[in-house]
Amino acid sequence: MFSCLIRCGLLLLAALLAPAAVAQQQPLRVAAAADLATCIDRLNAASGTGASATIGASGSFYAQINNGAPYDVFLSADTAYPRALADAGLADPASLFVYAHGRLALWAAAPGIRVDNGLRLLTDPAIRRIAIANPEVAPYGKAAKAALQRAGLWDQIRDKLVFGENIAQTMQFVESGNAQVGLVSSAHLAGRRAGWLLPADAYPPIEQGAILTRHGSANPQAVAYLRFLRSDKGRALLAECGFTLPTGRE
């Protein structure tokens, strides 16, 4: 009789604890801008949330979430797309913050190309293919187009441009030789040949926004993930990955 009471008590305790265990195991899906490709696995592991990430163009993720894609956290390469989701009731506006600032760099895989000549290099007849991210869906592409327009080069070199779906694919175009040079994210250049950083005032600031989606609002791990990004540990990791950190905790 006594042993039966113990077994029954243990079963009751297990039943009471089961919902908490299920909540802890709830999967966490992160939609991450392509400039995070070299960093996102480290961020996910350090967050302790069991997060898994999909890499892509911020504009594409905006469209997917708008159409019901079950992402819990959206790490965009800008703040416009997350804010648009919040305006549509598909994300929590109070959760939006700037987690990093991106930088554009002119980069070539071949050592014979002098990227330190700056944007004027792009008018050289020997440069026949220039890669940038698609300005329609990728914030880095919008920034690259703005930089070329401010420099008075957009119309002059437009026929040379090849467009990556996102900034990671843009980098691949240059690495593979499908483009001789590219305007890429400085965060992608760790361990590679140095690029030429465009002046910060050459294009609008690339403020990268994180937000909790409506789907993620019921997932405690999503809240924990965003808290981690704002922590000293999360910020230090982003800095190690080549991102500029926002001042304060925007």
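Residues numbered from 1 in each chain as written. Predicted model: local features only at pLDDT ≥ 70, side-chain atom pairs only at ≥ 80, totals over all residues. Heavy atoms only, no water.

Draft legend 1. Representation of the side chain of S186 in the model. Tracing the backbone shows S186 in the loop between β8 (181-185) and β9 (196-197). Overall, S186 belongs to the buried group, its relative accessible area being 19%. Look past the residues within four positions of S186 in its chain and what remains in contact with it is R103, A105, L197 and G242. (Helix = DSSP H or I, 4+ residues; strand = E, 2+ residues; numbered from the N terminus. Buried < 20%, exposed > 50% of the residue type's maximum accessible area, 1.4 Å probe, protein only. Contact = heavy atoms within 4.5 Å.)

Draft legend 2. Broad picture of the pairing of strand β2 (residues 51-56). Bridge analysis of strand β1 (residues 28-33) against β2 gives six bridges, and the strand direction is parallel. The residue bridging R29 from the neighbouring strand is S52, located in β2. In this fold, β1 hands off to helix α2 (residues 40-47), which returns the chain to β2; that crossover is right-handed. (Pairing = 2+ DSSP bridges. Right-handed = clockwise from strand over helix to strand, strands pointing away.)

Draft legend 3. Structural context of the sheet that holds strand β5 (residues 104-107). With mixed pairing, five strands are arranged side by side in an open sheet as β7-β6-β8-β5-β9. Of all strands in the sheet, those bounded by a partner on one side alone are β7 (161-164) and β9. Sheet topology note: the strand β6 (residues 130-133)/β7 ladder contains four bridges and is parallel. Across the sheet, the residue bridging to A131 is V162, located in β7. On top of the sheet, helix α7 (residues 167-176) reaches β5, β6, β7 and β8; it is set at about 145 degrees to β8, its chief contact. (Axes fitted to C-alpha atoms, helices over the stretch in contact; angles between N-to-C directions.)

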